[in-house]
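Structural overview for review
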Amino acid sequence: MGFLGRNVALNIYYPRIGTSISYQSVARVADGTVEFANTSRFDIPNDASQVVNADIDVGDARIDYRIDDTRFSGFAGANLSSLFNGYVLSDVDGTVAPIVGYSIDSSSNTLGLTANSVSFDADSVYVNVSGMNFRNGDAVALDLIFQNGTSIDGTASSDLIRGGAAVDTILGRGGNDSISGGSGADAIFGNQGEDSLFGNQG
């Protein structure tokens, strides 16, 4: 259902999505392997930007990110809200179930990433670190939620979940969840936590 055994691409963009400051790297996701170690090696030489060195470990439904760089203390800022400095991880072959949500693992988030910095579509996760300060060793982890037929099951953390066009059954579980049904006749259950539920169309 998730990324395990599938090909995932990493692209690093600045100052907007589509403007690459790295070569695209593709890795097959496997347990016990850091798929994108030492991201500075993907840097495109002789351009105006440098890639912060980090390790990105992709699991079946989790992305672990850790900075390993003493050269810098922050990411360059993209001054307009429409601009972007960060990472896009994508399903290369279109074989992974649609991504419908995520949560930030608060126990690992020394980087201080917020929900405003993360977005997703069915095939990709976008992490915008524009203007963020960091220390060497700072880290964050994202737990991803994939569509499972017409069932979407949240995690124990605070999830952001968006249903698809089908008839979905969405369960938020623990945490303070934000759930949008999308189109279709959806059944939405917030469960524990202070949840925000949006039925949308259907």
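Our structure is the block above this text.
Attention in this report is confined to the structure presented alongside it. (Residues numbered from 1 in each chain as written. Predicted model: local features only at pLDDT ≥ 70, side-chain atom pairs only at ≥ 80, totals over all residues. Heavy atoms only, no water.)

Bringing the sheet that holds strand β1 (residues 7-13) into the picture now. One open sheet accounts for five strands, arranged β2-β1-β5-β8-β7; its pairing is antiparallel. One side of each edge strand has no neighbouring strand; the edge strands of this open sheet are β2 (25-28) and β7 (118-120). Looking at each pair of strands side by side, their axes are set apart by 20° on average, direction ignored. With six bridges joining them, β1 and strand β5 (residues 86-91) adopt antiparallel strand pairing. (Pairing = 2+ DSSP bridges. Helix = DSSP H or I, 4+ residues; strand = E, 2+ residues; numbered from the N terminus. Axes fitted to C-alpha atoms, helices over the stretch in contact; angles between N-to-C directions.)

Across all of its chains, the model carries four aromatic pairs by this definition. Measuring from ring centre to ring centre gives 6.1 Å for Y102 and F120, while their planes differ by 75°; the resulting arrangement is edge-to-face. Of this pair, Y102 sits in strand β6 (residues 99-104) while F120 sits in strand β7, placing them 18 residues apart in sequence. With respect to class, Y102 is no different from F120; both count as buried. (Phe/Tyr/Trp six-rings, centres within 6.5 Å; stacked < 30°, edge-to-face > 60°. Buried < 20%, exposed > 50% of the residue type's maximum accessible area, 1.4 Å probe, protein only.)

Here we come to the nonpolar core. Residues F3, F36, I56, Y65, F75, L113 and L142 are the most contacted members of the largest nonpolar core, which totals 38 residues. Counting only elements with at least two residues in this core, the list comes to β1, β3 (54-58), β4 (62-67), β5, β6, β7, β8 (124-128) and β9 (139-146). Ranked by residues supplied to this core, first place goes to β9 with four residues. Filtering out sequence-adjacent residues up to four positions away, Y65 remains in contact with A54, D55, I56, F75, Y87, L111, D138, A139 and V140. (Core = buried A, V, L, I, M, F, W, Y, C linked by side-chain atoms within 4.5 Å. Contact = heavy atoms within 4.5 Å.)

Of all the seven residues making up β1, seven are buried; the element is thus mostly covered by neighbouring parts of the structure. Burial of the side chains of β1 extends over both faces: N7, A9, N11 and Y13 are buried on one face and V8, L10 and I12 on the other. Judged from the four bridges that link them, β1 and β2 form a sheet pairing that is antiparallel. By the bridge assignment for β2, A9 is matched with V26.

Per the stated rule, a full pass over the model turns up six salt bridges. Between R62 and D64 there is a salt bridge; the shortest N-O distance is 3.1 Å. Taking the relative accessible area as the measure of exposure, R62 reaches 25% and is therefore partly exposed. One salt bridge connects D143 with R62, and the closest N-O pair in it is separated by 2.9 Å. Of this pair, D143 sits in strand β9 while R62 sits in strand β4, and the two are 81 residues apart along the sequence. (Salt bridge = Lys/Arg side-chain N within 4 Å of Asp/Glu carboxyl O.)

Geometric descriptors of this kind do not, in isolation, establish any biological role.
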